[in-house]
Amino acid sequence: QKEVEQDPGPLSVPEGAIVSLNCTYSNSAFQYFMWYRQYSRKGPELLMYTYSSGNKEDGRFTAQVDKSSKYISLFIRDSQPSDSATYLCAMSSTNAGGTSYGKLTFGQGTILTVHP
Amino acid sequence: DAGVTQSPTHLIKTRGQHVTLRCSPISGHKSVSWYQQVLGQGPQFIFQYYEKEERGRGNFPDRFSARQFPNYSSELNVNALLLGDSALYLCASKWGGGSTDTQYFGPGTRLTVL
């Protein structure tokens, strides 16, 4: 079983739709949660960074963390064609025996297409 | 300010050859990490270096090695290339060595092994 599971999609929505992206994880040591956006043939770009359970909002993006269920989500409101990309969830822990200090564990990525 | 830069952009090698990939972190960042991203998958952690010392190593064979220089730039070396090494190799930099610092990724080096 992978430490982080993410539905690869692909997900296709009309412009203006609300998009929900999700990841589940099995490692209870994960404490920091991130969402990255990756355009084709580019490096990942950080969208959201959260630590505690609850919601964090930034413009059209809302990140949600539920540590008790080991479940994180990213919501995109009023989606735009420019949001078409692969969305990666990533997680890290504070202490992994000194062998993975700052290591990010990624989900598989969800391919999102927003069509006009 | 310049972001993380990587060179070369693309590289084609044949099985058994050796490759060196290079990364320059964001100015002021002292930590560099390397990730391998196979097509259709999320990035997989290879190494982290902080202040020129290896801080973490992922589940990759000894054919993979890296180092960090006094100016905090880094090299990733892969020996005896296999077809399965074909991937996008990503470098990420952050200010410190801790888990809480935000990591910023470069555009990657796309390696094709024939």
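Residues numbered from 1 in each chain as written. Chains lettered and ligands numbered in written order. Predicted model: local features only at pLDDT ≥ 70, side-chain atom pairs only at ≥ 80, totals over all residues. Heavy atoms only, no water.

### Thoughts on the overall build of chain A
- Check the secondary structure of chain A and you find 0 helices and 11 strands.
- In terms of overall dimensions, chain A is globule-like: its C-alpha atoms have a radius of gyration of 14 Å, near the 13 Å expected for 116 residues.
- Along the first, second and third principal axes, the C-alpha set of chain A runs to 50 × 30 × 25 Å.
- Looking at the 116 residues of chain A, the share that counts as buried comes to 43%.
- Positive and negative charge centroids in chain A, built from 10 and 10 side chains respectively, lie 7 Å apart. (Helix = DSSP H or I, 4+ residues; strand = E, 2+ residues; numbered from the N terminus. Rg over C-alpha atoms; globule rule 2.2 N^0.38 Å. Buried < 20%, exposed > 50% of the residue type's maximum accessible area, 1.4 Å probe, protein only. Lys, Arg positive; Asp, Glu negative; His and termini not counted. Charge placed at Lys NZ, Arg CZ, Asp CG, Glu CD.)

### What to know about the environment of Thr 109 of chain B
Residues and elements named next belong to chain B.
- Within the fold, Thr 109 resides in strand E11 (residues 109-113).
- Between the alpha carbons of Thr 109 and Cys 91 there is a distance of 8.7 Å; along the sequence they are 18 residues apart.
- Those residues in contact with Thr 109 that sit more than four places away from it in its chain are Gln 6, Ser 7, Pro 8, Thr 9, Leu 21, Ala 87, Leu 88 and Tyr 89.
- A distance of 2.5 Å separates a polar atom in the side chain of Thr 109 from the backbone oxygen of Pro 8. (Contact = heavy atoms within 4.5 Å. Polar contact = N/O pair within 3.5 Å; in protein donor to acceptor, adjacent residues only side chain to side chain.)

### With respect to the pattern of salt bridges
Residues and elements named next belong to chain B.
- If you walk through the whole model with that rule in mind, you get 9 salt bridges over all chains.
- For Glu 75, the salt bridge identified is with Arg 22, shortest N-O distance 3.5 Å. Here the residue Glu 75 occupies a position in strand E8 (residues 74-78), and Arg 22 occupies one in strand E3 (residues 19-24), the gap between them amounting to 53 residues.
- We classify Glu 75 as buried; its relative accessible area is 11%.
- Among the ionic pairs, Arg 57 bridges to Glu 54, the shortest N-O distance being 3.4 Å. (Salt bridge = Lys/Arg side-chain N within 4 Å of Asp/Glu carboxyl O.)

### Here we look at the interface of chain A and chain B
- Taken residue by residue, the interface counts 24 residues in chain A and 25 residues in chain B.
- For the pairing of chain A and chain B, the buried interface totals around 1,900 Å² over both sides, and the portion due to carbon and sulfur atoms is 50%.
- Summed over the shared surface of chain A and chain B, the result is 0 salt bridges.
- If you look at where chain A meets chain B, you find 5 residue pairs in polar contact (both at pLDDT 80 or more).
- Counting only elements with at least two residues in the side of chain A that touches chain B, the list comes to strand E4 (30-38), strand E5 (45-50) and strand E9 (85-93) of chain A.
- A breakdown of the residues in the side of chain A that touches chain B according to their chemical character gives 9 nonpolar, 11 polar and 4 charged. (Buried area = accessible area lost by both parts, 1.4 Å probe. Nonpolar A, V, L, I, M, F, W, Y, C, P; charged D, E, K, R; others polar.)

### Overview of the confidence of the model for chain A
- When pLDDT is averaged across chain A, the result is 91; 94% of the residues are at 70 or more.
- Predicted confidence in chain A is weakest over strand E6 (residues 54-58) of chain A, with a mean pLDDT of 92, and strongest over strand E3 (residues 19-25) of chain A, with 97. (pLDDT = per-residue confidence, 0-100.)

### A word on the state of the cysteines
- Counted by the stated rule, this structure contains 2 disulfides over all chains.
- Each sulfur of the disulfide joining Cys 23 of chain A and Cys 89 of chain A lies 2.0 Å from the other. Judged by the torsion about the S-S bond (-100°), the Cys 23 of chain A/Cys 89 of chain A disulfide is left-handed. Residue Cys 23 of chain A is located in strand E3, and its partner Cys 89 of chain A is located in strand E9; the two are separated by 66 residues in the primary sequence.
- Put simply, Cys 23 of chain B and Cys 91 of chain B are joined by a disulfide, and their sulfur atoms are 1.8 Å apart. On the sign convention where negative means left-handed, the S-S torsion of about -65° between Cys 23 of chain B and Cys 91 of chain B marks this disulfide as left-handed. Of the two residues, Cys 23 of chain B is situated in strand E3 and Cys 91 of chain B in strand E9 (residues 87-94); the sequence distance between them amounts to 68 residues.
- Exposure remark for Cys 91 of chain B: the relative accessible area of 0% places this residue in the buried category. (Disulfide = S-S within 2.5 Å.)

### Let's talk about the packing of aromatic side chains
- Within this structure, the stated rule accounts for 12 aromatic pairs over all chains.
- When the centroid spacing of 5.8 Å and the interplanar angle of 90° are considered together, the rings of Phe 106 of chain A and Tyr 35 of chain B count as edge-to-face. Of this pair, Phe 106 of chain A sits in strand E10 (residues 105-106) while Tyr 35 of chain B sits in strand E4 (residues 31-37), on two different chains.
- For Phe 106 of chain A, a relative accessible area of 5% puts it in the buried group.
- The class for Tyr 35 of chain B is buried, based on a relative accessible area of 0%.
- Relative to Phe 105 of chain B, the ring of Tyr 35 of chain B lies with its centre 5.4 Å away and its plane at 55°, an arrangement referred to as tilted. Residue Tyr 35 of chain B is found in strand E4, and its partner Phe 105 of chain B is found in strand E10 (residues 104-105); the two are separated by 70 residues along the sequence. (Phe/Tyr/Trp six-rings, centres within 6.5 Å; stacked < 30°, edge-to-face > 60°.)

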